[in-house]
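Summary of structural features
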Amino acid sequence: HLHAMDMPIDEEYSTAVDVIEKNLPGHKILAVAYAGGKYTRKNSPDVSARYHIASRGAGGAVNEAGKTNYMTTNSFHGSMTIDPDNRLGLMNMVKLNPKFKRNYRAWNCHHFHNVPTEKLKSLVTGSMAFYQKNKVWMPTFIEAVKYGQERDSATLKTIKNSADEIVLSLTDKMDDSIFDYPLTLRLRIPDDWQAASVEQDGKKIEVNSIVINGMKTLMFDAVPDRGEITVKKIR
């Protein structure tokens with residue numbers, strides 16, 4: 001990308017999409033990783049938005065909760081450390097550090113041109129182990145940007161709330177032909193419910209029952225704009 005200095009950026013992005021989709025049948029291009037180096041200045045979030053749902057930038061910072069710029073996401077190159085005293089320390093994602101408040105519950109994006117040394121390899125494997133131990137979700141870039149934009153624009157409404165049944169409506173403002181990734185919902189249920197089943201548009205959904213602050217809670221995934229969600233008490 002961007003090495004043809006005489007090519008307009010609109011043509012650069014559109015040509016890439018056409019060529020890749022032609023040569024990889026069945027694959028739809030949804031995002032771009034901005035090319036860097038001395039050509040970085042040619043990138044355009046506004047033009048990229050015509051062809052992609054998100055663009056990966058290379059700003060060395062976290063993507064703050066609720067403040068992600070999806071057309072120029074931040075991404076670390078090769079920097080992975082758990083150390084909470086480091087501004088990029090992964091520990092600060094899962095534990096609030098007054099020194100780096102913006103990092104708490106933030107979204108980290110990592111990219112590597114290669115992993116050439118044993119030291120760097122150990123940092124990568126150690127970081128992955130940290131994520132797994134702390135149950136941090138590790139999606140692909142496309143999964144993350146679909147989830148984030150659906151979540152940021154979602155509306156959840158209660159349509160019905162009876163003694164035996166709760167019906168919910170989950171909608172968002174995104175293009176349903178592209179944004180089809182499930183969101184995770186948590187629902188407090190009445191104390192007299194021993195268990196519950198969940199369906200969306202008549203299709204059964206896997207559900208986990210947990211207790212949060214002494215309250216019975218269901219956790220399940222549902223896709224916005226894919227029909228009503230029905231939660232039924234199991235007697």
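Residues numbered from 1 in each chain as written. Predicted model: local features only at pLDDT ≥ 70, side-chain atom pairs only at ≥ 80, totals over all residues. Heavy atoms only, no water.

1. Notes on the nonpolar core
In terms of nonpolar packing, the biggest core is built from 15 residues, with Leu187, Val198, Leu218, Phe220, Ile229 and Val231 touching the most fellow members. The set of elements that each furnish at least two residues to this core consists of strand 7 (165–171), strand 8 (183–188), strand 9 (195–200), strand 12 (215–222) and strand 13 (229–234). Setting aside anything within four residues of it in sequence, one finds Phe220 in contact with Leu168, Leu183, Thr184, Leu185, Leu187, Val198, Ile205, Glu206, Val207, Ile229 and Val231. Tyr13, Val32, Tyr34 and Tyr39 belong to the second largest nonpolar core, which has eight residues in total. (Core = buried A, V, L, I, M, F, W, Y, C linked by side-chain atoms within 4.5 Å. Buried < 20%, exposed > 50% of the residue type's maximum accessible area, 1.4 Å probe, protein only. Helix = DSSP H or I, 4+ residues; strand = E, 2+ residues; numbered from the N terminus. Contact = heavy atoms within 4.5 Å.)

2. Some points on helix 4 (residues 118–133)
End to end, helix 4 covers 22 Å across 16 residues, agreeing with the expected 22 Å (1.5 Å per residue, within 8%). A positive backbone phi angle near 55° is found at Lys135, which sits one or two residues after helix 4. (Expected span 1.5 Å × (residues − 1).)

3. Points about the environment of Gly66
Relative to the helices and strands, Gly66 resides in the loop between strand 2 (54–59) and strand 3 (73–74). Classification of Gly66 as exposed rests on a relative accessible area of 63%. Considered as a pair, Gly66 and Lys99 are 33 residues apart in the sequence and their alpha carbons are 19 Å apart.

4. Overview of the layout of surface pockets
If you add up the space inside the largest pocket, you get close to 1400 Å³. Secondary-structure elements contributing two or more residues to the lining of the largest pocket are helix 3 (91–94), helix 4, helix 5 (141–152), strand 6 (155–161) and strand 8. Broken down by element, the lining of the largest pocket gets its largest block of residues, five residues, from helix 5. For the lining of the largest pocket, the class distribution of residues is 23 nonpolar, ten polar and six charged. (1 Å grid on protein atoms, 1.4 Å probe; cavity = no way out; pocket = protein on both sides within 12 Å on 5 of 7 lines; lining within 4 Å. Points joined across faces, edges and corners; volume = space filled by probe spheres on them. Nonpolar A, V, L, I, M, F, W, Y, C, P; charged D, E, K, R; others polar.)

5. Things to note about the pattern of salt bridges
Considering all chains together, one arrives at nine salt bridges under this definition. Notably, a salt bridge pairs Lys160 with Glu165, separated by 2.9 Å at the nearest N-O pair. Judged by its relative accessible area of 38%, Lys160 is partly exposed. Among the residues examined, Glu165 registers a relative accessible area of 17% and is labelled buried. Among the ionic pairs, Arg188 bridges to Asp191, the shortest N-O distance being 3.3 Å. (Salt bridge = Lys/Arg side-chain N within 4 Å of Asp/Glu carboxyl O.)

6. Regarding the sheet that holds strand 1 (residues 31–33)
The strand order across the open sheet built from three strands is 1-2-3, with neighbouring strands paired in parallel fashion. Strand pairing shows two members of the sheet lacking a second neighbour, strand 1 and strand 3, which therefore form its edges. Of the pairings in the sheet, the one linking strand 1 to strand 2 comprises three bridges and is parallel in character. Bridge pairing links Ala31 to Ala54 in strand 2. (Pairing = 2+ DSSP bridges.)

7. Let's talk about the pairing of strand 6
Here six bridges tie strand 6 to strand 7, and the two strands are oriented antiparallel to one another. Looking at the pairing, Lys157 lines up with Ser169 of strand 7. The hairpin formed by strand 6 and strand 7 contains three residues between the paired strands.

8. Quick notes on the sheet that holds strand 12
Across the sheet, which stays open at both edges, the three strands sit in the order 8-12-11 with antiparallel pairing between neighbours. On the outer flanks of this sheet lie strand 8 and strand 11 (207–212), each paired with one strand and no other. Across this sheet, the average inter-strand angle for adjacent strands is 30°, counted without regard to direction. Pairing analysis gives six bridges linking strand 11 to strand 12, with the strands arranged antiparallel. Its bridge partner being in strand 12, Ile212 is matched across the sheet by Met215. (Axes fitted to C-alpha atoms, helices over the stretch in contact; angles between N-to-C directions.)

9. Observations concerning the packing of aromatic side chains
Inspection of every chain in the model, using the stated rule, returns five aromatic pairs. Ring centres of Tyr147 and Tyr181 lie 6.5 Å apart, and the angle between their planes is 70°; this geometry places the pair in the edge-to-face category. Note that Tyr147 is positioned in helix 5 and Tyr181 in the loop between strand 7 and strand 8, a separation of 34 residues in sequence. Classification of Tyr147 by relative accessible area gives buried; the value is 17%. These aromatic residues form a ring-pair network of at least three members: Trp137, Tyr147 and Tyr181. (Phe/Tyr/Trp six-rings, centres within 6.5 Å; stacked < 30°, edge-to-face > 60°.)

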